[in-house]
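Observations on chain architecture
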Amino acid sequence: MTSKKDLLALTHVGEDPHKYMNSVTPPVFMNTLHIFDCMADYYAADVFEDEFCYCRSGNATGAILEKKIAALENGSRAVVFSAGMAACTAAIMATCKAGSHIICIKESYGPVQHLLDDVLKEKMNLSVTYVDGKKLSDFEEAIQENTSLIILESPTTLLFSVIDLEGVAKLAKEHGIKTYIDNTYSTPLFQKPLDMGIDIVMHTMTKYIGGHSDLLGGVLVSKDEELMRKVLSQRDLFGSLQGGMESWLAIRGLRTLDVRLRRHHETALEVAKYLEKHPKVKHVYYTGLESHPQYELARKQQKGECGLLSFELDGDKETTAKFVDALKVFERGASWGGFESLAISYTYSWTKEQCDFLGINNSIVRLHCGLEGAEALIEDLEQAFAQI
Ligand SMILES: *Cc1c(COP(=O)(O)O)cnc(C)c1O
């Protein structure tokens with residue numbers, strides 16, 4: 001059950017209708033600056049305390065969203081960005097310096113690995129060790145003198161591996177290393193990493209927080225105010241603030257997050273159970289199934305699962321593609337977290353080297369179970385299985 005505190009954060013926290021002519025929803029602030037009565041006030045404005053100035057450093061609609069996310073994650077401050085990747089980049093920049101070493105789980109979101117390998121290694125002379133991460137010793141063995149940051153995701157969003165968050169947070173603290181987690185899968189309702197000792201949480205709001213496939217956005221949240229001041233200042237310098245309209249849409253998305261997530265969860269669990277029994281399916285990756293090798297750890301850390309899951313089809317990559325192409329309700333697409341069901345085989349184009357890196361083959365299908373209900377989705381999967 002979602003707590004009273006969380007439900008009130010989704011619906012009311014951060015809002016003050018009396019400030020906006022008693023409007024039940026806040027306005028979209030479309031201004032580029034705020035004006036002042038005197039020079040002293042202008043120079044005293046602290047955007048960290050929502051005293052706005054020039055709008056690259058902060059938008060008043062975004063500030064409402066930041067209060068909600070901070071409350072939901074039990075953080076002291078959240079900072080919203082134009083995209084999840086902008087938030088991730090800011091977290092790396094705020095915690096690392098030239099020559100730093102990063103430990104990153106090897107199942108992390110692909111573009112994060114591109115950012116590290118193809119941009120930051122060269123530009124910042126960073127070094128990166130990719131670890132499996134299912135054992136605490138994977139991290140312990142990778143720590144170096146100059147390790148500044150550990151990048152986590154749990155569950156991961158292709159193979160749904162779970163990381164022992166409390167264990168990693170404790171280990172990192174002992175070595176003075178910051179920890180960062182992409183918590184998009186669980187949303188703040190199903191998992192609260194800051195309470196487990198993780199330093200920085202990132203959400204891409206493009207997925208469930210937006211929830212309607214109509215906005216891009218990211219957010220960082222932490223209990224560490226000094227770090228968040230740094231993050232806020234970087235957002236200003238990089239110009240990576242989220243626009244007011246997108247922040248407004250994210251606020252609207254949050255209002256229904258709890259009810260949407262319950263339906264996504266219910267549907268995906270039913271679909272996962274159906275797939276698990278299907279003779280053309282070799283393996284289902286979903287932390288809600290008791291057959292998941294880390295089911296107990298997932299139950300300890302997560303209050304639930306969302307609509308995203310994967311499975312390995314019993315067939316080669318062409319058969320897998322044929323199956324995905326045969327789906328009618330599930331559309332083929334790369335994102336997730338919206339109302340619509342999606343299917344994709346990321347591994348279709350992967351080289352043997354890429355597959356070996358994660359220990360899989362080319363026959364992985366990822367499904368996002370949207371809001372069409374389990375009956376329509378299972379019927380759709382059934383007719384697609386019949387075609388292979
Ligand atoms: C989509 C996604 C991101 C990136 O979010 P953007 O808002 O597109 O930058 C990061 N992490 C995960 C797990 C994602 O699925």
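Every value quoted in this text rests on a predicted model; they were computed, and no experiment measured them. (Residues numbered from 1 in each chain as written. Predicted model: local features only at pLDDT ≥ 70, side-chain atom pairs only at ≥ 80, totals over all residues. Heavy atoms only, no water.)

Scanning the chain from N- to C-terminus turns up 15 helices and 12 strands. Expected size for 388 residues packed as a compact globule is a radius of gyration near 21 Å; at 21 Å, the chain falls within 12% of this value. Along the first, second and third principal axes, the C-alpha set of the chain runs to 75 × 50 × 35 Å. A buried classification covers 56% of the 388 residues belonging to the chain. Within the chain, counting contacts between residues at least 6 apart in sequence, those at least 24 apart form 73% of the total. Approximately 16,800 Å² of the chain is accessible, and the part contributed by carbon and sulfur atoms is 55%. (Helix = DSSP H or I, 4+ residues; strand = E, 2+ residues; numbered from the N terminus. Rg over C-alpha atoms; globule rule 2.2 N^0.38 Å. Buried < 20%, exposed > 50% of the residue type's maximum accessible area, 1.4 Å probe, protein only. Contact = heavy atoms within 4.5 Å. Areas by Shrake-Rupley, 256 points an atom, 1.4 Å probe, with all protein chains shown as cover.)

A separate point is the pairing of strand 3 (residues 127–131). Within a regular beta strand, the side chains point alternately toward one face of the sheet and then the other, so they alternate between its two faces. Sheet topology places strand 2 (residues 101–105) next to strand 3; 5 bridges connect them, and they run parallel. By the bridge assignment for strand 3, Ile102 is matched with Val128. Read as a crossover between parallel neighbours, the route from strand 2 over helix 5 (residues 110–124) to strand 3 is right-handed. (Pairing = 2+ DSSP bridges. Right-handed = clockwise from strand over helix to strand, strands pointing away.)

Another point: the sheet that holds strand 3. The strands making up a sheet associate through hydrogen bonds between their backbones, and the pairing can be parallel or antiparallel. If you trace the 7 strands from one edge of the open sheet to the other, you get 1-7-6-5-4-2-3, paired in mixed fashion. Strand pairing shows two members of the sheet lacking a second neighbour, strand 1 (77–81) and strand 3, which therefore form its edges. Each neighbouring strand pair of the sheet contributes to a mean axis angle of 20 degrees, computed without reference to strand direction. Summarising the sheet, strand 6 (residues 200–204) and strand 7 (residues 218–222) pair through 5 bridges and their orientation is antiparallel. Following the sheet pairing, Met202 is matched in strand 7 by Leu220. Helix 3 (residues 60–72) rests against strand 1 and strand 7 of the sheet, and its axis sits at about 130 degrees to strand 1. (Axes fitted to C-alpha atoms, helices over the stretch in contact; angles between N-to-C directions.)

To continue, consider the domain arrangement of the chain. Entries for the chain in the domain assignment read domain 1 (4–255) and domain 2 (257–386). The gap between the C-alpha centroids of domain 1 and domain 2 is 27 Å. Between domain 1 and domain 2, the contact holds 38 residues from the first and 38 residues from the second. When domain 1 packs against domain 2, close to 3,200 Å² is buried across both sides, 63% of that on carbon and sulfur atoms. A salt bridge links Glu166 to Lys300; its shortest N-O distance comes to 3.7 Å. At the junction of domain 1 with domain 2, the criterion picks out 17 residue pairs in polar contact (both at pLDDT 80 or more). Counting only elements with at least two residues in the side of domain 1 that touches domain 2, the list comes to helix 1 (4–11), helix 7 (165–174), helix 8 (187–190) and helix 10 (244–255). Tallied by class, residues from the side of domain 1 that touches domain 2 come to 17 nonpolar, 14 polar and 7 charged. (Domains from an automatic or database assignment. Buried area = accessible area lost by both parts, 1.4 Å probe. Salt bridge = Lys/Arg side-chain N within 4 Å of Asp/Glu carboxyl O. Polar contact = N/O pair within 3.5 Å; in protein donor to acceptor, adjacent residues only side chain to side chain. Nonpolar A, V, L, I, M, F, W, Y, C, P; charged D, E, K, R; others polar.)

Taken together, 13 residues surround the ligand, and among them Gly84, Asp182, Thr204, Thr206 and Lys207 come closest. With respect to the ligand, the backbone of Met85 contributes an N or O atom lying 2.8 Å from an oxygen atom. Of the residues assigned to the shell around the ligand, the class counts are 5 nonpolar, 5 polar and 3 charged. (Near = heavy atom within 4 Å.)

What follows covers the packing of aromatic side chains. Across all of its chains, the model carries 11 aromatic pairs by this definition. With 6.5 Å between their ring centres and 50 degrees between their planes, Tyr274 and Phe385 make a pair best called tilted. Placement of the pair is Tyr274 in helix 11 (residues 257–277) and Phe385 in helix 15 (residues 374–386), with a sequence separation of 111 residues. Across the pair, Phe385 and Tyr274 agree in class, each one buried. Taken together, the ring pairs connect Phe160, Tyr185, Tyr208 and Trp336 into an aromatic cluster. Taking NZ or CZ as reference, Lys317 lies 5.1 Å from the ring centre of Tyr348, over its face. (Phe/Tyr/Trp six-rings, centres within 6.5 Å; stacked < 30°, edge-to-face > 60°. Lys NZ or Arg CZ within 6 Å of the ring centre and 35° of its normal.)

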